[in-house]
Amino acid sequence: MKVGIKYCGGCRAGYDRVALVNRLKNDVAGAVDFVGPDDPEAEMVLFVSGCKSACTSIDQIRGRAVRFVTSEEDAEHWIREVLENIQAEIGRIQARGR
Amino acid sequence: MGKLMNAKEYEESLRKLKLNVYMFGRKVENPVDDPIIRPSMNAVAATYEFAHRPEYEDIMTAKSHITGKKINRFTHIHQSVDDLVKKSKMGRLLGSLTACCFQRCVGMDALNALSITTHAIDAKYNTEYYKRFLKYLEYVQENDLVCDGAMTDPKGDRSLAPSKQFDPDLFMHVVEERPDGIVVSGAKAHQTGAVNSHEIIVMPTITMREEDKDYAISFALPSDTEGITYIMGRQSCDTRKLEGMTFDRGNMHYGGHEALVVFDKVFVPWERVFMYKEYEFTTQLVENFAAYHRQSYACKVGVGDVLIGATQTIAEFNGTERASHVKDKIIEMNHLNETLFCGCIACAAEGHREPSGTYLVDVLLANVHKQNITRFPYEIARLAQDIAGGLVVTCPSAADLASPEVGKWVEKYLKTKPDVPTEHRLRILRLIENITMGTAAVGYLTESMHGAGSPQAQRIMIARLVNMKQKQKMARFLCGIDSSGA
Ligand SMILES: Cc1cc2nc3c(=O)[nH]c(=O)nc-3n(C[C@H](O)[C@H](O)[C@H](O)COP(=O)(O)OP(=O)(O)OC[C@H]3O[C@@H](n4cnc5c(N)ncnc54)[C@H](O)[C@@H]3O)c2cc1C
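Because the structure is a prediction, the values reported are computed rather than measured.

**Some words on the interface of chain B and chain A**
Counting residues at the interface gives 13 residues for chain B and 12 residues for chain A. A combined buried area of about 1000 Å² lies between chain B and chain A, and 56% of that area is made up of carbon and sulfur atoms. Considering only the surface of chain B that becomes buried against chain A, Glu55(B), Asp58(B) and Lys89(B) emerge as the three largest contributors, covering 47% of it. The salt bridge involving Lys6(A) is made with Asp58(B); its shortest N-O contact spans 3.8 Å. For the side of chain B that touches chain A, the secondary-structure elements that each account for two or more residues are α3 (57–60), α4 (81–98) and α9 (324–349) of chain B. Top element by residues in the side of chain B that touches chain A is α4(B). It accounts for five residues. Its residues assigned to classes, the side of chain B that touches chain A comprises five nonpolar, no polar and eight charged.

Written out as structure tokens, the structure is:
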């Protein structure tokens, strides 16, 4: 799965956004390929915002799922969601194969 | 995408300029590599570098309304309230990344103010200033240029109008009109980032009346136009930068600069003239530029972020971080700093569209914001010095710490804890010194006081813009003087 990363500008980020994305890359390595937000192959764009105002415009993102991460906890939720979806997808493929 | 320069390309573009720069009484042949000027070039270069970083680009770039291309926000004309808010956020972001004046906001503010006024003059006189302006703007955007916003004249005797001064050059004025353009003389004082700029945009500094119409001029020129001379301003502790990369400079990467810029009979072609004797539009231009520029002091919030971080760090190094008064003082620093942030966000969020399509900040709130800026950084700096301790001004030099003779004594007696290297303690103290009384205090303190207009200029605007009648009406109704009010 390819996921586009779009950062907010980070004027008063409550956490280290770049460090968090590096951690995400580690945690979902093999399952998710992180690409630029404009990559046409990205199925989802993850908006990494430094605070809850999440001020980045999502206008340019069309036809793709959008998720927001505004804190470290959000990132945990997102990882869980992605891994569960991938598990479910694998399950479906295996069921079809049987 | 237009030409979104990176830091290296910006530096190379400066090398091509043939600027006539003087400092310490001597001509500076190579300003880019001059050790005094270099940190200020680094700070402007950062505005280019960060525009290319994914984690900052959402703030640092915008979409040009004339070409549709992605451009550096510093060359953008605000097209929405969101643009205005992003501008404030960009100020804080860059202030926190550089801890100094990054110099590029003043040109952006000049461009935005001119976009409104050139349009307004054309609407009245059927002139073609706006068309000229848009062509110029496209050139600036396409080449990703730095513009010096040059408003402040030397002004001579402050009690006299331009045409009444003993020397007519104390305000920039036209000295000759030619078929192909005009010739101007005068000077602009305190020009931020002048020597790091590709262009200089000149505007009148005060409201002009009919008798001063020769002074009611606005134009833009390449910074290396013949007849323009730059005389660098001194900053406190500036020559520490001649001592090599020692930590005594406080900020190891960045700085700012100002210069006195002299125009000695300089030719301006008509296509670069944006106002010519339409004196009745000077008030609008000055007030809108001032409002935008007062918003731009969002940068001080970012510098405040660094100063607060440095203060917390020295408290921890000194072992005072758990003392209740220290904690409370740091809360106060944050409270003041975030209050400043409220002001720059509020004036942007309450912005509106002008007839040219440009979005302008709420002028009253921009003035309130700047008025706070004239005060709070001083208090934040005072609290930082309180917590830092006297060593912030009595600390031996980096060379003493490195000395084979006395280094051991500096190391021994200035150490606070086994796990805190003495050098780290001295470094953070030097940074606090730099921001509160060294080279960066030019930007954090005195520029906060006078830049974009001295405090009284904001108070005059506040008095003019509040709706006093409405406040009185509500008071009179609620206490029963009047029977209607709500
Ligand atoms: C660090 C720094 C950077 C700057 N950058 C730029 C820049 O990039 N571009 C630019 O154009 N300008 C720039 N400025 C200039 C700034 O806008 C001026 O400093 C400001 O407008 C005040 O002008 P002044 O310094 O001449 O002080 P003055 O005008 O002399 O003011 C000094 C005091 O006198 C009072 N005063 C002045 N005139 C009168 C009067 N007629 N009646 C009553 N009281 C009066 C003022 O209220 C103030 O209290 C910068 C200034 C600084 C300090």
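**Description of the site of the ligand**
Residues and elements named next belong to chain B. Taken together, the neighbourhood of the ligand is formed by 18 residues, with Met151, Thr152, Arg158, His190 and Thr192 sitting nearest. Here an oxygen atom of the ligand and a side-chain polar atom of Arg158 are 2.8 Å apart. In the environment of the ligand, a nitrogen atom lies 2.9 Å from a nitrogen or oxygen atom belonging to the backbone of His190. Residue assignment for the shell around the ligand shows that the elements contributing at least two residues are β5 (147–150), β7 (181–192) and α16 (441–450). Its residues placed into classes, the shell around the ligand shows five nonpolar, nine polar and four charged.

**Topic: the nonpolar core**
All names here are of chain B. Within the largest apolar cluster, 84 residues are counted, with the highest numbers of intra-cluster contacts made by Val184, Phe219 and Phe263. Per-element accounting of this core gives the leading share, eight residues, to helix α5 (residues 105–125). Excluding residues that lie within four positions of it along the chain, Phe263 makes contacts with Met172, Val184, Ser185, Gly186, Ala187, Lys188, Ile200, Val202, Phe219, Leu221, Gly227 and Ile228.

**Some remarks on the pattern of salt bridges**
Enumeration according to the criterion identifies 43 salt bridges over all chains in this entry. Among the salt bridges present, the one from Lys70(B) reaches Glu57(B), with a minimum N-O distance of 2.6 Å. Of the two residues, Lys70(B) is situated in strand β4 (residues 70–72) and Glu57(B) in helix α3; the sequence distance between them amounts to 13 residues. The partly exposed category is assigned to Lys70(B), whose relative accessible area is 30%. A relative accessible area of 17% means that Glu57(B) is categorised as buried. Put simply, Lys6(A), Glu57(B), Asp58(B), Lys70(B), Asp82(B) and Lys86(B) are held in one network by salt bridges that share partners.

**Regarding helix α2 (residues 72–97) of chain A**
Look at α2(A): 38 Å from first C-alpha to last across 26 residues, which is about the 38 Å you get at 1.5 Å a residue. Elements that come into contact with the buried residues of α2(A) comprise β1 (2–7), α1 (17–27), β2 (33–35), β3 (44–48) and β4 (65–69) of chain A.

**Considering the pairing of strand β10 (residues 228–232) of chain B**
Residue and element names in this part refer to chain B. Taken across its five residues, β10 has four buried, putting it largely inside the fold. Pairing of β10 with strand β11 (residues 258–269) involves five bridges; the strand directions are antiparallel. Bridge pairing in β11 links Tyr230 to Val261.

**Considerations on the sheet that holds strand β8 (residues 199–202) of chain B**
Residues and elements named next belong to chain B. Pairing is mixed in the open sheet, where four strands are placed in the order β5-β8-β9-β12. Each edge of the open sheet is held by one strand with a lone partner, namely β5 and β12 (273–276). Sheet twist, expressed as the average angle between the axes of neighbouring strands with direction ignored, equals 15°. Across three bridges, the pairing between strand β9 (residues 217–222) and β12 is antiparallel. The residue bridging Ile217 from the neighbouring strand is Tyr276, located in β12. Along the sheet, helix α6 (residues 129–143) makes contact with β5, β8, β9 and β12, crossing β12 at roughly 145°.

**Focus: the packing of helix α15 (residues 422–436) of chain B against α16(B)**
All names here are of chain B. The N-to-C vectors of α15 and α16 enclose an angle of 35°; their axes lie 5 Å apart at closest approach. Where α15 approaches α16, its residues Asn434, Ile435 and Thr436 are matched on the opposing element by Ala441, Tyr444 and Leu445. Among the residues forming the contact of α15 with α16, the class breakdown is four nonpolar, two polar and no charged.

**Let's talk about the confidence of the model for chain B**
A residue-level look at chain B finds 99% of positions with pLDDT of 70 or above and a mean pLDDT of 97. As scored by the predictor, the complex reaches a pTM of 0.96 and an ipTM of 0.86.

What counts and what doesn't
- Residues numbered from 1 in each chain as written.
- Chains lettered and ligands numbered in written order.
- Predicted model: local features only at pLDDT ≥ 70, side-chain atom pairs only at ≥ 80, totals over all residues.
- Heavy atoms only, no water.
- Contact = heavy atoms within 4.5 Å.
- Buried area = accessible area lost by both parts, 1.4 Å probe.
- Salt bridge = Lys/Arg side-chain N within 4 Å of Asp/Glu carboxyl O.
- Helix = DSSP H or I, 4+ residues; strand = E, 2+ residues; numbered from the N terminus.
- Nonpolar A, V, L, I, M, F, W, Y, C, P; charged D, E, K, R; others polar.
- Near = heavy atom within 4 Å.
- Polar contact = N/O pair within 3.5 Å; in protein donor to acceptor, adjacent residues only side chain to side chain.
- Core = buried A, V, L, I, M, F, W, Y, C linked by side-chain atoms within 4.5 Å.
- Buried < 20%, exposed > 50% of the residue type's maximum accessible area, 1.4 Å probe, protein only.
- Expected span 1.5 Å × (residues − 1).
- Pairing = 2+ DSSP bridges.
- Axes fitted to C-alpha atoms, helices over the stretch in contact; angles between N-to-C directions.
- pLDDT = per-residue confidence, 0-100.

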